[in-house]
Amino acid sequence: MNDTTLPKQSNDSKYPRRRENKGAVVRPGFGLHDWMTLLRQAKDLAQRKGSPLRHDITPAEMRLHDKPYDGWCSLRGKVYNISPYLAYHPGGDEILRSVLGKDATALFDKYHQWINIDNLIGPLLLGTLMAKKRRSSVPEDGGASEYDEDGDDGDDGDDPVMPSMANSHASNAIPMPRPIKVETAASLLPPLHKDGDADDPDEYSPKI
Ligand code: HEM
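Residues numbered from 1 in each chain as written. Predicted model: local features only at pLDDT ≥ 70, side-chain atom pairs only at ≥ 80, totals over all residues. Heavy atoms only, no water.

Participant: What exactly am I supposed to notice about the overall build of the protein here?
Facilitator: Counting its secondary structure elements, the protein contains six helices and six strands. When the helices and strands of the protein are listed from N to C terminus, the series reads α-β-α-β-β-β-α-β-α-α-β-α. Across the 208 residues in the protein, those meeting the buried criterion constitute 27%. In the protein, once contacts between residues fewer than 6 apart in sequence are set aside, the share between residues at least 24 apart is 59%. Element-wise, carbon and sulfur atoms account for 56% of the exposed surface of the protein, whose accessible area totals about 15,100 Å². (Helix = DSSP H or I, 4+ residues; strand = E, 2+ residues; numbered from the N terminus. Buried < 20%, exposed > 50% of the residue type's maximum accessible area, 1.4 Å probe, protein only. Contact = heavy atoms within 4.5 Å. Areas by Shrake-Rupley, 256 points an atom, 1.4 Å probe, with all protein chains shown as cover.)

Now the structure itself:
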């Protein structure tokens, strides 16, 4: 067989070709299979030491954990102790060190948006970033709150995803339609007249 018998690779594919993994070498014992074995066997990789998942982690607290032996990072509003994964990251530990103590969502998406985070590092979860301010209603522009780094509804952990998609990558999740405001007979009435007089029988009658 010579190279003329091999199928020619097309350059005009609509799918981007996988980039070369420059520089990063998988060390023996630190491949994907080794990581999955560790995930199955280790008891407390996240080092939560029996504490429940937290929902009050602030970016300031996360910034304190920026060492390879004590490194946190957030992805789509969830905070992970990423230290145990550094040596197993197929893209190399160096690039992952650059996000310790920070939100890594943008860089994660830049390199491999399709990767299922829960499957690969679910057991490293520490909790979620605290929502700084809860909105009473969704703003017109659908904007996100200050800590809402994943740009969703700002209420991380209860985003409207289909139950069957709960473990899939967030960007693949199908958003549920927003509730439609239904005009009821009452909502079509003019505003109630309130003058503070509780004895006034007309207090809660529409002022037409
Ligand atoms: C924290 C969770 C992360 C997980 C679970 C993860 C997982 C992976 C996996 C499975 C691959 C191999 C992909 C493939 O072979 O196609 C990979 C490659 C890579 N990752 Fe990550 N990664 C994470 C975070 C990051 C971050 C934050 C960065 C950037 C700062 C990054 C940069 C890269 C790069 C540059 C590659 C090589 C891409 C290539 O071969 O084309 N990763 N990662």
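Participant: Help me out: how do you make sense of helix 4 (residues 105-112) in this one?
Facilitator: Count 3.6 residues to each turn of an α-helix, and residues three or four apart come out pointing the same way. When we look at burial in helix 4, the residues that qualify are Thr105, Phe108 and His112. Buried residues of helix 4, viewed axially, fall in a sector of 70°; they line one side. Seen from the buried face of helix 4, the exposed residues on the opposite side, beyond 90 degrees, are Ala106 and Lys110. At its buried positions, helix 4 is contacted by strand 3 (70-75), strand 5 (102-103) and helix 5 (117-121). (Arc of directions from axis to C-beta.)

Participant: Please explain the coordination of the iron atom of the ligand as it appears in this structure.
Facilitator: Note on metal geometry: ideal angles are 109.5 degrees for four donors arranged tetrahedrally and 90 or 180 degrees for six donors arranged octahedrally. At this site the iron atom of the ligand is bound by His89 (NE2) and His112 (NE2), with donor distances of 2.0 Å. Considering all six donor atoms around the iron atom of the ligand, angles at the metal cover 87 to 178° and the coordination shape is octahedral. Residue His89 is found in the loop between strand 4 (78-81) and helix 3 (93-97), and its partner His112 is found in helix 4; the two are separated by 23 residues along the sequence. (Donors = N, O, S within 2.8 Å, 3.2 Å for Na, K, Ca; no water. Tetrahedral: all angles 85-135°; square planar, octahedral: opposite > 155°, others 65-115°.)

Participant: I tried to follow the side chain of Asn81 on my own but got confused; where do I start?
Facilitator: Take Asn81: it is sitting in strand 4. Among the residues examined, Asn81 registers a relative accessible area of 8% and is labelled buried. Looking at Asn81, its side chain comes within polar contact range of the main-chain nitrogen of Ser83, at 3.3 Å. Ignoring sequence-local partners within four residues, the contact set of Asn81 consists of Leu45, Ala46, Gln47, Gly71, Trp72, Leu124 and Leu126. (Polar contact = N/O pair within 3.5 Å; in protein donor to acceptor, adjacent residues only side chain to side chain.)

Participant: Would you explain the packing of aromatic side chains in this entry?
Facilitator: Each aromatic ring pair is specified by the distance between its two centres and by the angle formed by the two planes. Applying the stated criterion across every chain yields a total of three aromatic pairs. Ring plane angle 55° and centroid distance 4.9 Å describe the contact between Phe30 and Tyr88, whose orientation is recorded as tilted. One end of the pair, Phe30, is in the segment before helix 1 (32-41); the other, Tyr88, is in the loop between strand 4 and helix 3, and 58 residues separate them in sequence. The buried category is assigned to Tyr88, whose relative accessible area is 14%. Aromatic side chains Trp35 and Tyr85 sit 4.9 Å apart centroid to centroid with 65° between the ring planes, which places their arrangement in the edge-to-face category. With a gap of 50 residues between them, Trp35 in helix 1 and Tyr85 in the loop between strand 4 and helix 3 connect regions that are remote in the sequence. Like Trp35, the residue Tyr85 is buried in the burial classification. Joined through ring pairs, the aromatic side chains of Phe30, Trp35, Tyr85 and Tyr88 make up one cluster. (Phe/Tyr/Trp six-rings, centres within 6.5 Å; stacked < 30°, edge-to-face > 60°.)

Everything listed here is a matter of coordinates, which is why it stays silent on function.
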